[in-house]
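Topology and contacts: notes
Now for the letters of each chain:
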Amino acid sequence: MNFRYDVLVIGGGHAGCEAAVAAANMGAKTCLVTMDMNKIGQMSCNPAVGGIAKGQIVREIDALGGEMARVTDATAIQFRMLNRSKGPAVWSPRAQCDREKFIWQWRTVLDNTPNLDIWQDQANELIVENKTAAGVKTVWGVELRARCVVITAGTFLNGLMHIGRNKLPGGRIAEPAVTDFTESITQHGIKTARMKTGTPVRIDKRSVHFEDLEIQEGEADFHQFSFMGKHRVLKQLPCWTCYTNKDVHETLMKGLPDSPLYNGQIQSIGPRYCPSIETKLVTFPDKMQHPLFLEPEGETTNEMYLNGFSSSMPMDVQLEALRKIPALRDVKIYRP
């Protein structure tokens, strides 16, 4: 078994997939190392691509020959162009995708890219020789050597998950964190820091009172992400909108002492444009309501997520607050 490559990519998320395909398409013998081949390109939070700022980045990836735009168009279940009330320079494409189909579309791309191997394993140690990265050792004792090592490990390196005062190591819900790999890098003088991200509740749509929601249809015009790929091929589904209210806010504020964002349990910075629902209440105390978007996870599943309701609150507080929203008064959730 020859484990020598030109380029080694660690992590099979969005960045890792693009890095691996780009290297292989340039003629480099490439290997993508991922912990789970069935989770390649997994959309951890909400299964959507684009939006303000991020939509332009996906278009730039497309212009440079990347795959994300085409994978998105092939798996989109709703497309919208945001900011249409302003000039075209700031129009922002956003697509809701089928989470599972997105994964398998990426697998199809990777499986059909020449010069690209996939190795399912967990990187454990960065091999450094003469102050240069020379490969990695895995938890199974495999050494993979390369002239270039690209690390796109996402949230997994020493990852820690919080729900209320409970915390567990993990890179994603129900998936283990990667230990030791960070330390094998920092011993060479590279600094690390921790960022936080959040994810919203997953809801069983059979428990939702859709008559109390406002429908939000997608757009069926010529717009799409890629200028080269096929137009949207999947069934286009609606999203739904509603708002928080005074009772929701009171319930959430009551649970604030148990929020790891505010009790000192989490001490790190987060993304600018995706604040948790508790952060919105603290930052904008004069706002009596905040918009929420109920969006499907795929073509055929009952699973939906509530965009705008990312939270670190305890489970019982989240559920009590959700049931103060008229459309969600009988809500059942898959997970907080």
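Our subject is the structure that appears above.
A few points on the structure. Small disclaimer: the values here were computed from a predicted structure and weren't measured.

Here three strands make up an open sheet; going across it, the order is β3-β5-β4 and the pairing antiparallel. Because the sheet does not close on itself, it has two edges, and the strands there are β3 (48-50) and β4 (76-82). Neighbour to neighbour, the strand axes of the sheet diverge by 15° on average, direction disregarded.

The next subject is the packing of helix α2 (residues 54-63) against helix α3 (residues 68-75). Interhelical geometry of α2 versus α3 gives an angle of 115° and a closest axis separation of 7 Å. In terms of orientation, α2 and α3 fall into the roughly perpendicular class. Here α2 contributes V58, I61 and D62 to the contact with α3, which in turn contributes M68, A69 and R70. Class assignment of the residues belonging to the contact of α2 with α3 gives a composition of four nonpolar, no polar and two charged.

What follows covers the nonpolar core. Formed by 27 residues in total, the largest nonpolar core has its most connected members in L32, V49, F102, W106, L110, L116 and F225. When residues of this core are traced back to their parent elements, those giving at least two are β1 (4-10), α1 (14-25), α3, β4, β5 (92-97) and α4 (99-111). The dominant element in this core, judged by the number of residues it contributes, is α1, at five residues. Listed in part, the 24 residues of the second largest apolar core include L213, L306, L322 and I325.

Turning to the pairing of strand β15 (residues 291-296), a few remarks are in order. For strand β14 (residues 239-243) and β15, the ladder comprises four bridges, and the chain directions are antiparallel. Bridge pairing in β15 places C242 opposite L292. As paired elements, β15 and strand β16 (residues 303-310) share four bridges and run antiparallel to each other. Counted as the bridge partner of F293 is N307 from β16. The turn joining β15 and β16, which pair antiparallel and follow one another in sequence, is formed by six residues.

Right, let's get into the packing of aromatic side chains. Taken as a whole and assessed by the stated rule, the structure comprises three aromatic pairs. Pairing F3 with W119 gives two aromatic rings, centres 5.0 Å apart and planes at 70°, and the pair type is edge-to-face. Taken together, the residues span a long stretch of sequence, with F3 in the segment before β1 and W119 in strand β6 (residues 116-120) at a distance of 116 residues. Using a relative accessible area of 17% as the deciding quantity, one classes F3 as buried. Judged by its relative accessible area of 23%, W119 falls in the partly exposed class. If you follow K29 out to its NZ or CZ, it ends over the ring of Y5, 5.3 Å from the centre. Positioned above the aromatic ring of W91, the side-chain terminus of R84 is 5.5 Å from the ring centre.

Rules used in this analysis
Residues numbered from 1 in each chain as written. Predicted model: local features only at pLDDT ≥ 70, side-chain atom pairs only at ≥ 80, totals over all residues. Heavy atoms only, no water. Pairing = 2+ DSSP bridges. Helix = DSSP H or I, 4+ residues; strand = E, 2+ residues; numbered from the N terminus. Axes fitted to C-alpha atoms, helices over the stretch in contact; angles between N-to-C directions. Parallel < 35°, antiparallel > 145°, perpendicular 65-115°, else oblique. Contact = heavy atoms within 4.5 Å. Nonpolar A, V, L, I, M, F, W, Y, C, P; charged D, E, K, R; others polar. Core = buried A, V, L, I, M, F, W, Y, C linked by side-chain atoms within 4.5 Å. Buried < 20%, exposed > 50% of the residue type's maximum accessible area, 1.4 Å probe, protein only. Phe/Tyr/Trp six-rings, centres within 6.5 Å; stacked < 30°, edge-to-face > 60°. Lys NZ or Arg CZ within 6 Å of the ring centre and 35° of its normal.

So far we have only geometry, and geometry alone does not tell us how the molecule works.
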